[in-house]
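Spelled out from the first residue to the last, the chains are:
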Number of protein chains: 2
Amino acid sequence: MKNLLTSLLLLTLPLSVIAEKAKEANQWRSVSAENAVVMELSTGKVVIELAPEFSPNHVIRYTQLVKQGFYDGESFYRVIDGFVAQAGPQDGSPKDKSVTKLNIEETITTGKDWSYTLVQENDLFAPQVGFKNGFAVGHSPQEKQAWLLHCPGVIAMARESSPNTATSHFYITNGQAPRYLDKIMTVFGRVVYGMEHVQAIQRTSVIDGDTPIDKSRYSKMLSVKMMADLPEKQQIKLEIQNTDSATYKQSLISRKKRENAFFYKKPPPVLDICQTPVKTRLVK
Amino acid sequence: MKNLLTSLLLLTLPLSVIAEKAKEANQWRSVSAENAVVMELSTGKVVIELAPEFSPNHVIRYTQLVKQGFYDGESFYRVIDGFVAQAGPQDGSPKDKSVTKLNIEETITTGKDWSYTLVQENDLFAPQVGFKNGFAVGHSPQEKQAWLLHCPGVIAMARESSPNTATSHFYITNGQAPRYLDKIMTVFGRVVYGMEHVQAIQRTSVIDGDTPIDKSRYSKMLSVKMMADLPEKQQIKLEIQNTDSATYKQSLISRKKRENAFFYKKPPPVLDICQTPVKTRLVK
C-alpha cells in the first residue's frame, strides 16, 4: 500500500525530484530499534548498533543482559585515555560469576555471495579492508574470512588470556585503533551516536606519579536498554550512510583524490579505514 | 656540583641500585619548562610540548602569542568528534587580523647526522615512520626529509587553502590520526599530559538533524601560558620516555612480538606509529 501511494505521489513530481528521492532512499538506511542499544551516561545518551552478522552469540548475550538491566548502575572501572573504556560488574562478585563463558567469534566465513565495499588493499594489518553495512571490516579473499576491525568506537567483550572466556565485561575503544586486537577479541557492535559522551567517561588510569582516581569518581551507566524497549518518544531515530550505495562508493574515490583546493599538494591516494567517515543522521 | 654529589652518593649504594639508576637516567628525559605550554581548561590542565626542531617559526609564533596572553578566554569554535578541536579569536576581528601570516613548515631536511628511532617501514602514508624525541615522525631516506605526523593529540596551525596562510588559529587532533594532512599542515607540538581534558572539550559540530550547540556552551581556554612563566609550584614537572634509549627500542621489538599469553594467536608483527605508546610520568 505504501509503495502504491509512493508511486502515485511520484507521478505528480517533476523528474529531477524523483531522481533525488530515489538517490536518497538508497544512500541511507535506518538503524533498527531491535538491533540498537541506548546507554545513558551522566553527560548524555550513546547509541550502539549491534553486528549479529559477525558475532551472533555475543549479540544475543549482550541483548539478554541489557534486557535484564544487568548493566544499569555499573561502572567503567578501567578507562585508559587513547585506548579503551571498560565496564562490568565487580570482579568475582556473585553477579559477575552468574554469567557463563562465551566462545570467541573471531571471523566469519565468506561464501561466494558475500559482498562488501572495499576501501583499501594491504593496510598494515589486513590484505583488504572495507565496510559491511557501515561496520569497518577486514577481509581475506584467500582465506575466505571477514572480521570486524578495532576502529575507534567499537564495542567488544573483554576476556581472560584464554580465548573462550568472555562473560559480561565489555570495552569501547576511545583512541587510535588498536588493530593488533583484530581477530583475537570479539567486536560485536559500534557507537553510531554520542561518541563524545564515551570520550567524556572518567579516566581511571593515571600516569606514574599522578594522583590515583578515587572510585567514587568512576563513571556509571545510568541505564542501558534496547532501543525497542524504550517508549517511542524516547527512541533516537537514526539513519546511517549506506556504504554499499553507488554514492558512497563514489565518495571514497573522491576522498582518495582530495581534489579540493585545500590540498595544494595531494596526499598518497590511500584511505585509513578507521579514519573514513560513515555518517549518521537523526530523523525526526 | 650536582654530578659530584651524585657520584659520591652512588659510592654508598649497592651495584644493582647503581645499575638501576643508570638505566633510569637514560630511559627518561625531562620536558623543558621553556618548551612547554600549560593550557587550562574548565576540566583540568593540558601540557603541550613544542617541537622547534621541526617547526621553528610556528613554535616562535605560538610562544609569542602565548606570552601575550593572546589565547586566554578564547573558545574552541570548531570541534568535531574524532577529528579536531580548533580554537582562535573571532574570525575577521581586529585581534584576528593583527597576526601576520606564516610560511608553512612541512618537512625538514635530514643531514647525514640526523637520526631517529625507526618503528615501521611502509605504513600506508610514509616509507618510514618512527620517533624523534617522542614525536611521531615520517621519514623518507630517499628524499632526505622528515616531518611530524598527525597522530592523536598533536597541535597544528590551521590555514586557508593557500599554504602560507597560518596565523594564530590552531587545532588539536582528537581522533583516529588524519594522516592525509601530513606534510600539508604545520604540526608544531603534541599533548603530553591531560589529553582527557582535550577529549572533554564541547563538540560544536552535530550530525544532521540534531540540535545545534549554542555558542554559550563552547569550551574556553581559561589561560594558556608557557610553563616557565608559571610560579615554580604551579609547574607540572614531566618526564617522557627517551625513544632513543636501548630500553625503548627493545620495548618496540617486544610489542611487535606480543609474547604475552593474552595473544593466543599473534597479530601481524607491525606497529601503527600512532598507536605506539610513549609514556609520560609526573615528577614530584
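Residues numbered from 1 in each chain as written. Chains lettered and ligands numbered in written order. Predicted model: local features only at pLDDT ≥ 70, side-chain atom pairs only at ≥ 80, totals over all residues. Heavy atoms only, no water.

**Q** Run through the interface of chain A and chain B, naming residues and quoting values.
**A** One frequent convention defines the size of an interface as the accessible area lost when the parts assemble. If you look at the interface, chain A gives 51 residues, while chain B gives 51 residues. Interface area, chain A with chain B, both sides summed: about 4300 Å², of which 60% is carbon and sulfur. At the boundary of chain A and chain B, one finds 2 salt bridges. The partner of Lys265(B) in a salt bridge is Glu106(A), with the nearest N and O atoms 3.2 Å apart. (Contact = heavy atoms within 4.5 Å. Buried area = accessible area lost by both parts, 1.4 Å probe. Salt bridge = Lys/Arg side-chain N within 4 Å of Asp/Glu carboxyl O.)

**Q** So what's going on with the pairing of strand E8 (residues 128-132) of chain B? Residues and values would help.
**A** All names here are of chain B. Of all 5 residues in E8, 5 are buried, a share of seventy percent or more. Along E8, one buried face is formed by Gln128, Gly130 and Lys132 and the opposite face, lined by Val129 and Phe131, is buried too. As judged from the 4 bridges shared by strand E7 (residues 117-121) and E8, these two strands associate in the antiparallel manner. The residue bridging Leu118 from the neighbouring strand is Gly130, located in E8. Where E7 hands over to E8, the hairpin turn is made up of 6 residues, of which Asn122 adopts a positive phi near 50°. Of the pairings in the sheet, the one linking E8 to strand E9 (residues 135-140) comprises 5 bridges and is antiparallel in character. Bridged to Gln128 within E9 is His139. A loop of 2 residues connects E8 with E9, the two strands running antiparallel in sequence, and Asn133 in this loop sits at a positive phi of about 55°. (Buried < 20%, exposed > 50% of the residue type's maximum accessible area, 1.4 Å probe, protein only. Helix = DSSP H or I, 4+ residues; strand = E, 2+ residues; numbered from the N terminus. Pairing = 2+ DSSP bridges.)

**Q** Please set out the environment of Tyr264(A) residue by residue, giving values where relevant.
**A** Assignment of secondary structure puts Tyr264(A) in the loop between helix H6 (246-257) and strand E16 (280-282). With 133 residues separating them along the chain, Tyr264(A) and Phe131(A) place their C-alpha atoms 29 Å apart. Beyond its immediate stretch of four places on either side in the chain, Tyr264(A) contacts Ile104(B), Glu106(B), Arg159(B), Ser161(B), Pro163(B), Lys183(B) and Ile184(B).

**Q** Please set out the state of the cysteines residue by residue, giving values where relevant.
**A** Put plainly, two cysteines are in a disulfide when a covalent bond ties their sulfur atoms together. Residue and element names in this part refer to chain A. With the rule as written, the count across this model stands at 2 disulfides over all chains. Here Cys151 is linked by a disulfide to Cys274, with a sulfur-sulfur distance of 2.0 Å. Looking along the S-S bond of the Cys151-Cys274 disulfide, the torsion reads about -70°, which is the left-handed sense. Note that Cys151 is positioned in the loop between strand E10 (145-148) and strand E11 (154-157) and Cys274 in the loop between H6 and E16, a separation of 123 residues in sequence. A relative accessible area of 12% means that Cys274 is categorised as buried. (Disulfide = S-S within 2.5 Å.)

**Q** Quick one: what's the story with the sheet that holds strand E9 (residues 135-140) of chain A, residue by residue and with numbers?
**A** All names here are of chain A. Ordered in space as E6-E10-E9-E8-E7, the 5 strands form an open sheet in which the pairing is antiparallel. The sheet is open, and its two borders are formed by strand E6 (108-109) and strand E7 (117-121), each paired with just one other strand. Along the sheet, H6 contacts E7 and strand E8 (128-132); its crossing angle with E7, the most-contacted strand, is approximately 20°. (Axes fitted to C-alpha atoms, helices over the stretch in contact; angles between N-to-C directions.)

**Q** Please provide a residue-by-residue account of the pattern of salt bridges, values included.
**A** Taken as a whole and judged by the stated rule, the model has 20 salt bridges over all chains. For the salt bridge of Arg179(A) with Asp123(A), the shortest nitrogen-to-oxygen distance reads 2.7 Å. Remark: Asp123(A) occurs in the loop between E7 and E8 and Arg179(A) occurs in the loop between strand E12 (170-173) and strand E13 (187-193); sequence separation between them is 56 residues. When sorted by exposure, Arg179(A) lands in the same class as Asp123(A), which is buried. Between Glu232(B) and Lys237(B) there is a salt bridge, and its shortest N-O distance comes to 2.9 Å.

**Q** Summarise the relation of the copies chain A and chain B; cite the residues concerned and give the values.
**A** Rotating chain A by 180° and translating it 0.0 Å along the rotation axis places it on chain B, where the RMSD comes to 0.0 Å. Given the turn and translation reported, the copies of this chain are related as if by a two-fold rotation axis. Of the residues that chain A buries at the interface, 100% are likewise interface residues in chain B, meaning the two copies contact each other through the same surface. (Least-squares fit on C-alpha atoms with pLDDT ≥ 70 in both.)

**Q** Outline H6(A), supporting the account with residue identities and numerical values.
**A** Residues and elements named next belong to chain A. The end-to-end C-alpha distance of H6, which contains 12 residues, comes to 17 Å, matching closely the 16 Å that a straight helix rising 1.5 Å per residue would cover. Taken together, the buried positions of H6 are occupied by Tyr248, Leu252 and Arg255. Looking straight down H6, one finds its buried side chains confined to an arc of 65°; they lie on one side. Where H6 is buried, its residues touch E7, E8 and strand E15 (238-241). Immediately downstream of H6, the backbone of Arg258 shows phi near 50°, a positive value. (Expected span 1.5 Å × (residues − 1). Arc of directions from axis to C-beta.)

**Q** Would you mind going over the environment of Gly69(A) in detail, with residue names and values included?
**A** For Gly69(A), the position within the fold is in the loop between helix H3 (56-68) and strand E4 (75-80). Residues Gly69(A) and Lys225(A), 156 residues apart in the sequence, show an inter-C-alpha distance of 7.2 Å.

**Q** Got a sec to walk through the confidence of the model for chain A? Specific residues and values, please.
**A** Residue and element names in this part refer to chain A. Taken as a whole, chain A shows an average pLDDT of 93; of its residues, 91% reach a score of 70 or greater. The low-confidence segment residues 1-15 (pLDDT under 50) makes 2 contacts with residues lying over four places distant or belonging to another chain. Scored as a complex, the prediction yields pTM 0.92 and ipTM 0.92. (pLDDT = per-residue confidence, 0-100.)

**Q** Tell me about helix H3 (residues 56-68) of chain B, and name the residues and values.
**A** Residues and elements named next belong to chain B. Counted at 1.5 Å a residue, the expected span for H3 with its 13 residues is 18 Å, and the 18 Å between its end C-alpha atoms agrees. Within H3 the residues assigned to the buried category are His58, Val59, Arg61, Tyr62, Thr63, Leu65 and Val66. Where H3 is buried, its residues touch strand E2 (36-41), strand E3 (44-50), strand E11 (154-157), strand E12 (170-173), strand E13 (187-193) and strand E14 (223-226). Downstream of H3 by one or two residues, Gly69 has phi in the positive range, about 75°.

**Q** Summarise unusual backbone geometry; cite the residues concerned and give the values.
**A** Positive phi values are uncommon outside glycine, yet Arg258(A) reaches one of about 50°. Mapped onto the elements, Arg258(A) comes out in the loop between H6 and E16. Using a relative accessible area of 8% as the deciding quantity, one classes Arg258(A) as buried. Within the chain, Asn133(B) stands out as a residue other than glycine whose phi angle is a positive 55°. Mapped onto the fold, Asn133(B) is located in the loop between E8 and E9. On the basis of relative accessibility, which here comes to 33%, the residue Asn133(B) falls in the partly exposed class.

**Q** Describe the side chain of Ser223(A), and please don't skip the residues or the numbers.
**A** Inspection of the secondary structure puts Ser223(A) in strand E14 (residues 223-226). Among residues more than four places away in sequence, those in contact with Ser223(A) are Val38(A), Met39(A), Glu40(A) and Asp72(A).

**Q** Describe the sheet that holds E16(A), with residues and values.
**A** Residues and elements named next belong to chain A. Read from one edge of the open sheet, 3 strands run E1-E15-E16, paired in antiparallel fashion. A strand with exactly one partner marks an edge of an open sheet, and here the two such strands are strand E1 (28-30) and E16. Taken over all neighbouring pairs, the strand axes of this sheet differ in orientation by 30° on average, direction set aside. As paired strands, E15 and E16 are joined by 3 bridges and run antiparallel to one another. Its bridge partner lying in E16, Glu239 is registered against Arg281.

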